[in-house]
Amino acid sequence: MAETVEAVFISGKDGARTSVTAAKGSTILEAARSGAARNRAIALESPCNGSGICHKCEVSVAGRRVLACQYRLEAGTEIVIQDRGADNETLKILAGGSSVEVELKPFITKEFSGGLTGVYGGRPAGGESPEGRLGLEAGDTSGESYGLAVDIGTTTLVLALTDLNTGRVLASESALNPQALYAQDVLGRIRFAVREEGGLGTLHHAFLDALLKLLDALILKSGVPRERVYEMIYSGNTTMLHLACGIDPSSLGRYPYEPALSGGQHLPAEDLRISPFGLIWLPPLVSAWVGADIVSGILAAGLDQRRGVTLFIDIGTNGEMVLARDGALAASSTAAGPAFEGMNISCGMRASRGAVESFSISGGECGFTVIGGGEDSPEAAGICGSGLLDIAGELVKNGVIGKNGRFARPEELALREGELARRLRPLPDAGGKNAFFITDTVYLSQKDIRQIQLAKGAIRCGIEMLLARFGLGAAEVDTVEIAGAFGYHLRESSLLSIGLLPPEFAGKVHFAGNTSLSGAGAFLLNQDFRGRMRDLAGRVEKVELAEDPDFEKNFVRAMGF
């Protein structure tokens, strides 16, 4: 029998202790994720999936800071976990997004007759037939009918409670997606669900717990009786929908990458403590890598109704994109990774209090803003995604970072004097390598620039190859829609400066916001959209860029600034 040790995890917030028995020689991270810890609140993040490069799983052992993914347990050990609760409470998560005009025609309708209210699904109110009846309620409850749009992002969850009788959004709530504690990106979550004992159940229940907490907050905020909530629309990428529904995602991680779900279907909502007649509806999927969030985005942006050429890009840990030409659609996806979310970056953090969210250089002088700025402005604690791209864009524009991604030397003519030269200096314990310091403790390193290059190169490569596949040049694109909660906080100038977007897109960029959520809201309010988008999803041309023999060559070229 394998020898075991006891790991005691101590909360840095309240000192709460959680004891776990783990195999001797396992890492602290493995102990935290073990079956023994599965149902306990041990919140350890590891965006790099335990490779030791992100430093986000740092903990304290005997007063010494160590990486949980690298430190091996050889004896009983007490581990103090840094409290990140305050960061998460101030997280800046976007709930709004562009949407089409919606005629009120919800799937859920109600009809009062003979002292009872019938709850119907999929048919207009009126008529004597019980067809489509989901159930009966005592008394007249016809004025109380509500639904939820749910954006299931890789990083965040957002819920919007809507009155189905009026179409009005009553309240919204958001939080981090707790699955990020186990793996930051979709590939990591597929691996965790498939390879870890009980991994699928862990990810599924983590999502359900967070969803129910958000739902409780919405019920408290709005005063809506939870038994009057009848339908929830789950909008997310294909992997997120599998995990949210507790469905094995293993087929998404192996050829031919076929999802076990097709979308465009209802599931029972029996675990969600809403109406006993409650239903979950999943928007249709395009493929394993172009999911319901993009179909919701197509609906919200009206891409199938537009004339001319529109490029729709959802920027996040994945870079999904849709090319619309006079109503004909083609879609693809590239793996951007977690850098744009502030992960795998030395001083990276999510968009919460103290994060540098914007940066500029004017006349050689640097300026920046942090989230939570004002009279009681916090000191800069790190860099979130929007700040990261601003910093990189301004440094490229001012010659501090070269086209190849390398820092200039401070002694070079352009940097011989002034603030930029003073900020570009050796990073302690980095073998003399330079970093650009925003403050004395917040900086951008050469390694960080490499992460930006990989992420932006993936998206730029996808754009170039998708356009080339259909014989289009960048100048022929009429409109560029940047979607996603992260994308909404970006600046066109930064995207152009680092080369994530080609120069021909200048003046054509619009920021559409959280179209996954706003599209889900449109599905909720008008059932006719469901059949239309199901048919459309089946007609979207799927472009697998990674299968193109020129993909690697194009990706390397796209990494340059």
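Above this text sits the structure in question.
Calculation criteria
Residues numbered from 1 in each chain as written. Predicted model: local features only at pLDDT ≥ 70, side-chain atom pairs only at ≥ 80, totals over all residues. Heavy atoms only, no water. Helix = DSSP H or I, 4+ residues; strand = E, 2+ residues; numbered from the N terminus. Rg over C-alpha atoms; globule rule 2.2 N^0.38 Å. Buried < 20%, exposed > 50% of the residue type's maximum accessible area, 1.4 Å probe, protein only. Contact = heavy atoms within 4.5 Å. Phe/Tyr/Trp six-rings, centres within 6.5 Å; stacked < 30°, edge-to-face > 60°. Lys NZ or Arg CZ within 6 Å of the ring centre and 35° of its normal. Pairing = 2+ DSSP bridges. Axes fitted to C-alpha atoms, helices over the stretch in contact; angles between N-to-C directions. Salt bridge = Lys/Arg side-chain N within 4 Å of Asp/Glu carboxyl O. Polar contact = N/O pair within 3.5 Å; in protein donor to acceptor, adjacent residues only side chain to side chain. Core = buried A, V, L, I, M, F, W, Y, C linked by side-chain atoms within 4.5 Å.

With respect to the overall build of the protein
Stage number 1. A tally of regular secondary structure across the protein gives 13 helices and 26 strands.
Stage number 2. Relative to the 2.2 N^0.38 estimate, which gives 24 Å for 561 residues, the radius of gyration of the protein is 25 Å and therefore close to what a compact globule would have.
Stage number 3. Projected onto the principal axes, the alpha-carbon positions of the protein cover approximately 85 × 65 × 55 Å.
Stage number 4. Counting the 561 residues in the protein, one finds 56% classified as buried.

Details of the environment of Arg422
Stage number 1. Its place among the elements puts Arg422 in helix α8 (residues 419–423).
Stage number 2. Considering only alpha carbons, one finds Arg422 and Pro256, 166 residues apart in sequence, at a separation of 53 Å.

Looking at helix α6 (residues 292–301)
Stage number 1. In terms of burial, α6 is largely enclosed, as 10 of its 10 residues are buried.
Stage number 2. Of the residues making up α6, those classed as buried are Ala292, Asp293, Ile294, Val295, Ser296, Gly297, Ile298, Leu299, Ala300 and Ala301.

Structural notes on the environment of Asn165
Stage number 1. Its location among the elements puts Asn165 in the loop between β10 (156–163) and β11 (169–176).
Stage number 2. Remark: the alpha-carbon pair of Asn165 and Leu267, spanning 102 residues in sequence, is separated by 23 Å.
Stage number 3. Not counting residues within four places of it along the chain, the set of residues in contact with Asn165 comprises Leu104, Ser142, Gly143, Glu144 and Ser145.

Things to note about the packing of aromatic side chains
The geometry of an aromatic ring pair is captured by two quantities: the separation of the ring centres and the angle between the planes.
Stage number 1. Enumeration over the complete set of coordinates arrives at 7 aromatic pairs.
Stage number 2. When the centroid spacing of 5.9 Å and the interplanar angle of 90° are considered together, the rings of Tyr255 and Tyr257 count as edge-to-face.
Stage number 3. Here Tyr257 falls in the partly exposed class, since its relative accessible area comes to 34%.
Stage number 4. Against the face of Phe437 rests Arg425, its NZ or CZ located 4.1 Å from the ring centre.
Stage number 5. Across from the ring centre of Trp281, 4.6 Å away, lies the NZ or CZ of Arg530, which sits over that ring.

Considerations on unusual backbone geometry
Stage number 1. A cis amide bond links Tyr255 with the next residue in sequence, Pro256, at an omega value of 10°.
Stage number 2. Turning to its location among the elements, Pro256 is positioned in the loop between α5 (238–244) and β13 (265–268).
Stage number 3. In this structure, Arg273 is a non-glycine residue whose phi angle is positive, near 55°.
Stage number 4. Within the chain, Asp326 stands out as a residue other than glycine whose phi angle is a positive 50°.
Stage number 5. For Asp326, the location among the structural elements is in the loop between β16 (318–325) and β17 (328–335).

So, the sheet that holds strand β3 (residues 58–61)
Stage number 1. Spatially, β2-β1-β5-β3-β4 is the arrangement adopted by the 5 strands of the open sheet, whose pairing is mixed. A strand with exactly one partner marks an edge of an open sheet, and here the two such strands are β2 (17–23) and β4 (64–67). On average, each strand axis in the sheet is inclined to that of its neighbour by 35°, with strand direction left out of account.
Stage number 2. Inspection of the sheet shows strand β1 (residues 4–11) paired to β2 by 7 bridges, in the antiparallel sense. If you follow Thr4 over to β2, its bridge partner there is Ala23.

Some details on the pattern of salt bridges
Stage number 1. Throughout the structure, instances matching the rule amount to 21 salt bridges.
Stage number 2. Across the pair Asp448 and Lys447 runs a salt bridge, and its minimum N-O distance is 3.7 Å.
Stage number 3. The exposure class assigned to Asp448 is buried, which follows from its relative accessible area of 0%.
Stage number 4. Taking the relative accessible area as the measure of exposure, Lys447 reaches 39% and is therefore partly exposed.
Stage number 5. Note that Arg460 and Glu464 form a salt bridge whose closest N and O atoms lie 2.6 Å from each other. In this pair, Arg460 and Glu464 are both assigned in helix α9 (residues 446–469), 4 residues apart and thus about one turn of the helix distant.
Stage number 6. Given the relative accessible area of 15%, Arg460 is considered buried.

Quick word on the side chain of Gln179
Stage number 1. Relative to the elements of secondary structure, Gln179 occurs in the loop between β11 and α3 (186–195).
Stage number 2. Of the residues examined, Gln179 reaches a relative accessible area of 1% and is grouped as buried.
Stage number 3. Within the structure, Gln179 has its side chain in polar contact with the backbone oxygen of Leu203 (distance 3.0 Å).
Stage number 4. Ignoring anything within four residues of it in the chain, the contact list for Gln179 reads Arg189, Leu203, His204, Phe207, Met240 and Leu243.

Considerations on the nonpolar core
Side chains of a nonpolar character, in soluble globular proteins, are inclined to be buried together.
Stage number 1. The biggest cluster of nonpolar side chains holds 67 residues, and the ones touching the most others in it are Ile313, Leu395, Phe436, Ile459, Ile463 and Phe505.
Stage number 2. Apart from the residues lying within four places of it in its own chain, the contact partners of Phe505 are Leu311, Ile463, Leu467, Ala474, Val477, Val480 and Glu492.
Stage number 3. Ranked by size, the runner-up nonpolar core spans 40 residues in total, among them Val186, Phe207, Val229 and Leu261.

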